[in-house]
Structures are given as C-alpha cells and as structure tokens.
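Chain by chain, the residues run as shown.
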Amino acid sequence: MTATVHLIAAARPNFMKVAPLLHELRRRAWCRPVLVHTGQHYDAAMSDVFFRDLGLPAPDHHLGVGSGSHAEQTAAVMVAYERLCRETQPDWVIVVGDVNSTMACALAAKKLCLPVAHLEAGLRSGDRTMPEEINRVVTDAVADLLWTPSADADDNLRREGVDPARIVLVGNIMIDSFEMLRDRIAAEDGAGRMGLAKGRYGVVTLHRPANVDCRESLERIVEALAAAAARLPLVLPLHPRTRSRLAEFDLLHRLAATPGLHLAEPLPYIAFMSLVASARLVATDSGGIQEETSYLGIPCLTLRPNTERPITVELGTNRLVSVETLPGALTEALGGAPAEPRSIPLWDGRTAPRVAESLERACRP
Ligand code: UD1
C-alpha cells in the first residue's frame, strides 16, 4: 500500500528544505508525497520564485493563510490544516524548520492522532523570546520522529527526555538543495550582474523583529552598515518587513543614498546563493544563512545574541556579533584571510535519501 505523506511548506526558509525531500520521495514507489503550502509567505518574491528555482511543482493544496499576529497566523493555519487532514487523511505529516506554520501543522495533525515527523529537529538557542524557539520546542515535544541536522541537536532532545529511538541524525537538508543546483548557481554570476567583483563585496540580510522592529536598533545597524560600505560594497536584499520598517523610521532614503550600499528586492534562491558564494563576507540574522556560509567557507557575522546552530560557530565560519561589536568584527573579517569551506558531518548533499529511508522504516515497520 502506498503511504500518503504531507510535506508542509510555508515560508521562504522552508522551500529549500522541502524541495530535495519532495524530489526524493517522488522516486519512491511506496510513497505518495503531497505538497501543502500554508500561504504564510505569499509574495511572488518570497515564495513563487523559490518554487521555480527549486523545481517544486504547484502545491497540491494551498491554505492561503497569509499574515497576522502570531496567534492569528498560528490559529488560521491550525484551522485550515485540520480541515485538510480530516478531508485527506494523510498517513504521515512532515513539517520542516521552525516557522509558525511548522508548529501549527504539527499540533493540528497530532490532535487528530496523525504521525508527525520534524525535519531540522532539536535545534535550540535557549532564547524563548524568539518565536522560532517556541515553535521548535513545541514541535519537537509532539513529533513522533525527529530528524536532526547535527549531533548537538540529538543532545538537546535527549536532555529534554525525548526517546532516543525517535531521534535520527540525518544531516542538513539545505546542503542538498545547494548541491542539486550547484552548477546553475555557479553559472549565475550574481556578482557580475550587479557590477561587483567576486570576493570584493559583502551580503547583508536582516529581518528579525529584535533587529528591525525597534527604531533605535535599526538606526544603529544602518549606521554601522553605512560605515562598512565605505570600505566594502554591500548588497542588501530587503525582506518586506525590513523594507517597511526602514520606510516607517525614515531610514530607507538614507540607506539608498549611501555610496557602496546596493539595496535590492528579496532575491530568488539561485541568484542569492550565487551572490553569497562569491562574497567576501556575510552579515545576517537569518538561521539558514549561518549554515550555508559555513558550508561554503564564507565568513559570517550573525547579528544575534545567540544561535540555535552552535555548530556553525564551532566547526564553521560563524561569529555572533551585536550592534556594538559589528563595526570591529567587520574590520577584523576584512583584515583576515578569506575562510576555507568547512566540513561538518553529514552536511553532504545526501540528507534527503537518509530521510526517505528513515520514513520508509517508520511507514513499513
Ligand atoms: C518568518 C518566520 C521566520 C523566518 C522568516 C523568513 C515565523 C515566526 N517567522 O518570518 O522564522 O526566518 O519567515 O523570511 O514563522 N510579508 C509580506 N509578504 C510575504 C510574507 C510576509 O509582505 O510574502 C510581510 C507581512 O507584512 C508580514 C511580515 O512580512 O506581516 C512578516 O511575515 P511573517 O510570515 O509573519 O514572518 P517573517 O518575518 O517573514
């Protein structure tokens, strides 16, 4: 009997985690993967272009949930997804990452006693002021099968009392997406298209509420970036939240007028990874970019007080910085030798087959 497996995609960082697994499961006769888009991200630039780059088919179901407060968004996903589960009765539900839809779908499915697997389980920053940390803790508490990207995640789950039989170390699925598209990323020449020389520019992404929702912190970040841009051209693709906060705080014009600062729309996956792969450094508050830069050996300054991905600091190229330490860290990174690609166990482009095998064992014990 074929198992019907829902794969939940919701927001930008999910798509590169779902794509390699969907492609892999489609090759397996025992499984019928069904792609569900909750609609948390709905702009073409935040969603559609990723489907195109990653070869994802149109979703089988689109819940059209959209934006709202955390409770509104989470509740809307739960209501819509519960209805879909009742109508379609999946055999397994796979959620990925740590966005609101991840937690919402896991909860809705478990309340219907459906088996749930979490891909990218066990990551912990210990910072419960971050909505993503709540999403991770709750999702992992109810999931039946926990697929982890690195051994530290296994340790976190065991410490929380998760039955070790449910934990499977599979590696980092995002590296599968990069390897799947490596040739197209190399052929893209994102730097050249922007008139930048390879290895002589930085890439900056910012979207965390803690950095961009507060006028004072955003103003200080803008000052630090403007100073840095005088020494190294910076490309800043703007998340919709960041663009609207910059406009609201009257900082957008200042940034746009800063020499060396290239403001851009959110970029598609291939264009963005091409820019990152040839960058001198990256400054970000993203989760996934800490991992991608580590894999590629690009120095990464993470504008956060903590990270749920400590392996990128221990074995990778990541360094945590604050608004105060950002200018000094930029100077230091520019003065040092460029980093080398790092090898992290099981970040090898073969995570999707390991996940598929684990799921097959769970579906057909
Ligand atoms: C979400 C995730 C975050 C992830 C990020 C990547 C949660 C809690 N947060 O944050 O973990 O790193 O995605 O981008 O799930 N908006 C648009 N168009 C869109 C989507 C959003 O304009 O397609 C705007 C809306 O004004 C919305 C705001 O961005 O209110 C925030 O969107 P939301 O999905 O709530 O959170 P993100 O900040 O994107």
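You'll find the structure just up there.
Residues numbered from 1 in each chain as written. Predicted model: local features only at pLDDT ≥ 70, side-chain atom pairs only at ≥ 80, totals over all residues. Heavy atoms only, no water.

1. Digging into the overall build of the chain
Part 1: Each helix and strand counted, the chain has 18 helices and 13 strands in total.
Part 2: The C-alpha atoms of the chain give a radius of gyration of 20 Å, which matches the 21 Å a tight globule of 365 residues would have.
Part 3: By its C-alpha atoms, the chain is 60 × 40 × 40 Å across when sized along the principal axes.
Part 4: Counting over 365 residues, the chain shows a buried share of 59%.
Part 5: For the chain, contacts bridging at least 24 residues in sequence account for 70% of all contacts bridging at least 6.
Part 6: For the chain, the exposed surface amounts to about 14700 Å²; the carbon and sulfur share of it is 53%.
Part 7: Where the 39 positive side-chain charges of the chain centre and where its 44 negative ones centre are 2 Å apart. (Helix = DSSP H or I, 4+ residues; strand = E, 2+ residues; numbered from the N terminus. Rg over C-alpha atoms; globule rule 2.2 N^0.38 Å. Buried < 20%, exposed > 50% of the residue type's maximum accessible area, 1.4 Å probe, protein only. Contact = heavy atoms within 4.5 Å. Areas by Shrake-Rupley, 256 points an atom, 1.4 Å probe, with all protein chains shown as cover. Lys, Arg positive; Asp, Glu negative; His and termini not counted. Charge placed at Lys NZ, Arg CZ, Asp CG, Glu CD.)

2. Observations regarding the site of the ligand
Part 1: Close to the ligand lie 18 residues, the nearest being Q40, H41, N100, E132 and H207.
Part 2: In the environment of the ligand, an oxygen atom lies 3.2 Å from a nitrogen or oxygen atom belonging to the side chain of R241.
Part 3: Within the complex, the protein chains bury 84% of what would otherwise be the 740 Å² of accessible surface of the ligand.
Part 4: Considered class by class, the residues forming the shell around the ligand number 5 nonpolar, 8 polar and 5 charged. (Near = heavy atom within 4 Å. Polar contact = N/O pair within 3.5 Å; in protein donor to acceptor, adjacent residues only side chain to side chain. Nonpolar A, V, L, I, M, F, W, Y, C, P; charged D, E, K, R; others polar.)

3. Quick word on the sheet that holds strand β8 (residues 202–205)
Part 1: One open sheet accounts for 6 strands, arranged β10-β9-β8-β11-β12-β13; its pairing is parallel. The open sheet is flanked by β10 (261–264) and β13 (318–321), the only strands paired with a single partner. Here the average twist between neighbouring strands, direction ignored, is 20°.
Part 2: With 4 bridges connecting them, strand β12 (residues 300–303) and β13 associate as parallel partners. Counterpart to C300 in the pairing with β13 is N318. (Pairing = 2+ DSSP bridges. Axes fitted to C-alpha atoms, helices over the stretch in contact; angles between N-to-C directions.)

4. Concerning the pattern of salt bridges
Part 1: Inspection of every chain in the model, using the stated rule, returns 30 salt bridges.
Part 2: We note a salt bridge from R166 to D144, for which the minimum N-O separation is 4.0 Å. Of this pair, R166 sits in the loop between α6 (151–159) and β7 (167–169) while D144 is found in the loop between α5 (131–142) and β6 (145–148), placing the two residues 22 residues apart along the sequence.
Part 3: For R166, a relative accessible area of 34% corresponds to the partly exposed category.
Part 4: Here D144 falls in the partly exposed class, since its relative accessible area comes to 23%. (Salt bridge = Lys/Arg side-chain N within 4 Å of Asp/Glu carboxyl O.)

5. Regarding the nonpolar core
Nonpolar side chains in soluble globular proteins tend to end up buried together.
Part 1: Counting 60 residues, the largest nonpolar core has L25, I94, W147 and Y269 as its most contacted members.
Part 2: Core analysis: the second largest hydrophobic core is formed by 30 residues, L206, L218, A229 and L236 among them. (Core = buried A, V, L, I, M, F, W, Y, C linked by side-chain atoms within 4.5 Å.)

6. Notes on the side chain of S150
Part 1: Relative to the helices and strands, S150 is located in the loop between β6 and α6.
Part 2: In terms of polar contacts, S150 uses its side chain to reach the side chain of D152, at 2.6 Å.
Part 3: Sequence-distant contacts of S150, that is, excluding residues within four places in its chain, are made with L169, I311 and W347.

7. Section: the sheet that holds strand β2 (residues 31–37)
Part 1: Judged by pairing direction, the sheet is parallel, and its 7 strands sit side by side in the order β3-β2-β1-β4-β5-β6-β7 without closing on themselves. Strands with a single pairing partner mark the edges of an open sheet, and in this sheet they are β3 (61–62) and β7.
Part 2: Most of the contacts of helix α1 (residues 12–26) go to strand β1 (residues 3–9), to which it runs at about 160°, and overall it touches β1, β2, β4 (92–96) and β5 (116–119).

8. Considerations on helix α4 (residues 100–111)
Part 1: An ideal rise of 1.5 Å per residue puts 16 Å on 12 residues; α4 measures up with 17 Å between its terminal C-alpha atoms.
Part 2: Among the residues of α4, those classed as buried are N100, S101, T102, M103, A104, C105, A106, A108 and A109.
Part 3: For α4, the elements touching its buried residues are β1, α3 (70–88), β4, β5 and α5.
Part 4: Within two residues after α4, C113 carries a phi angle of roughly 65°, on the positive side. (Expected span 1.5 Å × (residues − 1).)

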